[in-house]
Amino acid sequence: MTSTPSDTRPFHPADLGTVAVLAWSGAGPDGSDMAYLLAYSLGDAAGGAQATSAAVEALLENNGLPVGGDLVDGTARPSLPVTLLVESGTAVLNLAPLHAQCQAPEEWLAAVAERGYAYLVFTTRPWPAGEPGKPVEADALKDFAGADETLTAAAHVVLPARSLRG
């Protein structure tokens, strides 16, 4: 019997644990406001942080997002199976089989409306302190999101923003 090898890595959604998304804005490389999204797991899956990291990496790679690799420009890849829907003040990130959302601050909404895209950092590094529904201090976000360990363990994507309004 012959089998065809698959390009996808084994993925078990339960191994993701709790996935959270945070939206914030800040100065982009050109000096104007950039809409940023940070997606991460709390590392609370049954297998612990190591299983969570492996599951997030498989999720990303199965959706065409290399971890620790080059920036993926989703504006130039309309077939990218990762989407961002911005509607009613909410950012909704979709990558099969995950759908995660967060409330977006007004500054973020203005920046994404101006540019038409957001910069997504989806890291395999768990962040147990970034619990959904709880406020995150600016310094804590900066320390986690700006850490080399977070950035090198992440997929980086320029993701077009879509809305239901067309």
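Residues numbered from 1 in each chain as written. Predicted model: local features only at pLDDT ≥ 70, side-chain atom pairs only at ≥ 80, totals over all residues. Heavy atoms only, no water.

(A) The arrangement of the overall build of the protein in detail. Scanning the protein from N- to C-terminus turns up four helices and eight strands. Starting at the N terminus and ending at the C terminus, the protein contains elements arranged as β-β-α-β-β-β-β-α-β-α-α-β. Its C-alpha atoms give the protein principal-axis dimensions of about 55 × 35 × 30 Å. With 166 residues in all, the protein has 43% of them scored as buried. Of the contacts formed within the protein by residues at least 6 apart in sequence, a portion of 68% connects residues at least 24 apart. Surface summary for the protein: the accessible area is close to 8,800 Å², and the carbon and sulfur share equals 53%. In the protein, 8 side chains carry a positive charge and 19 a negative one; their mean positions are 3 Å apart. (Helix = DSSP H or I, 4+ residues; strand = E, 2+ residues; numbered from the N terminus. Buried < 20%, exposed > 50% of the residue type's maximum accessible area, 1.4 Å probe, protein only. Contact = heavy atoms within 4.5 Å. Areas by Shrake-Rupley, 256 points an atom, 1.4 Å probe, with all protein chains shown as cover. Lys, Arg positive; Asp, Glu negative; His and termini not counted. Charge placed at Lys NZ, Arg CZ, Asp CG, Glu CD.)

(B) Just the pairing of strand β1 (residues 19-27), in detail. Bridge count for β1 against strand β2 (residues 33-41) is nine bridges, and the pairing is antiparallel. Pairing of V21 across the sheet is with A39, part of β2. Between β1 and β2, which follow one another and run antiparallel, lie five residues, and G31 among them has a positive phi close to 90°. (Pairing = 2+ DSSP bridges.)

(C) View of the environment of V82. Mapped onto the fold, V82 is located in strand β4 (residues 82-87). Between the alpha carbons of V82 and G69 there is a distance of 17 Å; along the sequence they are 13 residues apart. Every residue in contact with V82, bar those within four places of it in the chain, is listed here: N63, L65, L93, N94, L95 and L159.

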